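Here is how the chains run, residue by residue.
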Amino acid sequence: LSALGGGSAGFAEKNVGVGLAIWLLLLVASIGAIAGFAAFRRPAAALRTVADAAGGLGEGELALRVPGATGPAGELTHAFNLMADRIEHLFDSVAAEHARLEAVFDASSDAMVAIDSGVRVAFLNPAAVALFGASMSDAIGRTFIETARDYELDALVKRAISDATGQTAVVTFGPDRVPLRAAALPIHEGGDWAVLLMLTDLTEVQRVDQMRRDFLSNVSHELRTPLAAIRALVETLEAGVDDEDTPEFLGRIRQQTERLTTLVNELLDLSRIESGAITLHPVPVELTALVAEAVSLLRTRTERAGVTVECKSPPLEVMADRPSLLRIVSNLLDNATKWSPPGGTVHVEFRDEGDAVALSVRDEGPGIAEQEIPRVFERFYKGDVSRADSGVGLGLAIVKHLARTHSGTATVESRPGQGATFTIRLPKQFMARGGPA
């Protein structure tokens, strides 16, 4: 029994030792858990904050940043904030580039259309909206053929998409047959934009080209006519004429030579004026005295035509190049005299319009047809072929360009049967480029 009792006591002591060890392990585990929780609580919170902020960035809240932290969590938050700064800067750069590109497209007078690989409209600028007559909201997303309603342009775009090469053509568009230069340019790695179609209106180009052809034709005609007359007169003299007829032939040769000289001089003058090669010397010019001088220079012509020049405006002064202004007035008076009926009156008037001066010359002639008014200031324009030998048709073109050199304008108003009024407006203070103020 005593041996048994001793064994029981030893067993009890062992159980106490095991229990104590278990409690010590539990205590150490609890302390470790508490220490681990304390150690990982801040990084875990930082991770949740970074995760939430990343979700906000993904939804477009680019200004989101996370608070700074210490230790490894601090490195994480710093790296995230740095990444967010770079993303925001990148988005700002992309937005600015998009705004600049949109401003360029909107400001362009050429129609521009972006088309995707399915030949649907992805973008078009205001010029394209005006050309196609379709609103931007209706056009975007529709097929190009539905918007443009032109099979030639649609085929051009499809070739650019399939061949991945630029395509160009000149087409006539719409019921008005507007001439357009079409350029379809593939956009590599352009996302939704597969092709950019640019349409340039060639109406003005063709008009200028026609003016150039007309100019060359008119110059040839104006040179050929007096040269042919001179040649015929010389051949007649060479064939022999009576002595009493010789002075008449020589006079006619001189007349045609003077006509050629006038034509060449006016062409050279017009070229110099247009190119800015003339030098202007502004001085105070009193218009009443200037008109009187121009009338004096043309007196022989006005008396021969039976035309009176009348000027009843009060004195008015303007800063201008006097020889140029005298030539403007002389050309206008000469033109009015040519179109005035015998016994008619040419009316000259000038008005103070604040910062500008308006000088008008009105005749009592047959007037100008409405469709001819835009051409009045063109080189060699002559409204009546029956008066083709009266001048070379450069006087009004010179008037227009001399007015422009003074930063002024030249206009005409007329109705058939009621004469024509030519008006020159010049700034009171000299404003021509390159000249003294």
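It should be emphasised that the depicted structure is a prediction, and the values quoted were computed from it without experimental measurement.

**Examining the confidence of the model for the chain**
Right, on to step 1. On average, the chain scores 80 in pLDDT, and the residues at 70 or more come to 82%.
Right, on to step 2. Within the chain, no element has a lower average pLDDT than helix H1 (residues 2-58), which sits at 59, and none a higher one than strand S12 (residues 420-427), at 94.
Right, on to step 3. Confidence drops under a pLDDT of 50 for residues 35-39, and excluding neighbours within four residues, the segment shows zero contacts in the predicted structure.
Right, on to step 4. Note on residues 385-389: pLDDT is under 50 here. Beyond four places in sequence and across chains, it has five contacts.

**Points about the pairing of strand S10 (residues 356-362)**
Right, on to step 1. Counted residue by residue, S10 has six buried out of seven residues, so it is predominantly covered.
Right, on to step 2. Both strand S9 (residues 345-352) and S10 contribute to a ladder of six bridges, which runs antiparallel. Along S10, the bridge assignment pairs Phe-350 with Leu-359.
Right, on to step 3. Of the strand pairs in this sheet, S10 and S12 are connected by seven bridges, and their pairing is antiparallel. Paired with Val-361 across the bridge in S12 is Phe-422.

**A few points about unusual backbone geometry**
Right, on to step 1. The phi angle at Ala-164 is positive, at roughly 55°, despite the residue not being glycine.
Right, on to step 2. By secondary structure assignment, the location of Ala-164 is in the loop between helix H6 (151-163) and strand S3 (167-173).

**With respect to the pattern of salt bridges**
Right, on to step 1. One pass over the full model with this rule turns up 13 salt bridges.
Right, on to step 2. The residue Glu-204 makes a salt bridge to Arg-207 at a minimum N-O spacing of 2.6 Å. With Glu-204 and Arg-207 both in helix H7 (residues 203-239) and three residues apart, the pair spans about one turn of that helix.
Right, on to step 3. Assessed through its relative accessible area of 45%, Glu-204 is described here as partly exposed.
Right, on to step 4. Shared partners join several salt bridges into a network, and the residues in it are Glu-349, Arg-351, Glu-353 and Arg-425.

**Quick word on the sheet that holds strand S7 (residues 308-311)**
Right, on to step 1. A sheet is described by the order of its strands in space; here five strands give the open sequence S7-S9-S10-S12-S11, paired in mixed fashion. The open sheet has two free edges, formed respectively by S7 and strand S11 (409-414), since each of these has just one partner strand. Each neighbouring strand pair of the sheet contributes to a mean axis angle of 20°, computed without reference to strand direction.
Right, on to step 2. Sheet contacts for helix H11 (residues 322-339): S7, S9, S10 and S12; angle to S12, the most-contacted strand, approximately 170°.

**Comments concerning the side chain of Asp-116**
Right, on to step 1. One can find Asp-116 in the loop between strand S1 (111-115) and strand S2 (121-124).
Right, on to step 2. A distance of 2.8 Å separates a polar side-chain atom of Asp-116 from the backbone nitrogen of Arg-120.
Right, on to step 3. With residues near it in sequence (within four places) discarded, Asp-116 still touches Ile-161, Asp-192 and Ala-194.

**With respect to the environment of Pro-416**
Right, on to step 1. Summarising the element assignment, Pro-416 is placed in the loop between S11 and S12.
Right, on to step 2. Sequence-wise, Pro-416 and Ile-368 are 48 residues apart; in three dimensions their C-alpha atoms are separated by 5.4 Å.
Right, on to step 3. Once you skip the residues sitting within four places of it in the chain, Pro-416 turns out to touch Pro-366, Gly-367, Ile-368 and Ala-369.

**Structural notes on the nonpolar core**
Right, on to step 1. Grouped together as the largest cluster of nonpolar side chains are 49 residues, with contacts concentrated most on Leu-287, Leu-325, Leu-333 and Phe-422.
Right, on to step 2. Broken down by element, the residue count for this core peaks at seven residues, all from H11.
Right, on to step 3. Not counting the four nearest positions on each side in its chain, Leu-287 is found in contact with Leu-316, Val-318, Leu-325, Phe-350, Val-357 and Leu-359.

The rules behind these values
- Residues numbered from 1 in each chain as written.
- Predicted model: local features only at pLDDT ≥ 70, side-chain atom pairs only at ≥ 80, totals over all residues.
- Heavy atoms only, no water.
- pLDDT = per-residue confidence, 0-100.
- Helix = DSSP H or I, 4+ residues; strand = E, 2+ residues; numbered from the N terminus.
- Contact = heavy atoms within 4.5 Å.
- Buried < 20%, exposed > 50% of the residue type's maximum accessible area, 1.4 Å probe, protein only.
- Pairing = 2+ DSSP bridges.
- Salt bridge = Lys/Arg side-chain N within 4 Å of Asp/Glu carboxyl O.
- Axes fitted to C-alpha atoms, helices over the stretch in contact; angles between N-to-C directions.
- Polar contact = N/O pair within 3.5 Å; in protein donor to acceptor, adjacent residues only side chain to side chain.
- Core = buried A, V, L, I, M, F, W, Y, C linked by side-chain atoms within 4.5 Å.

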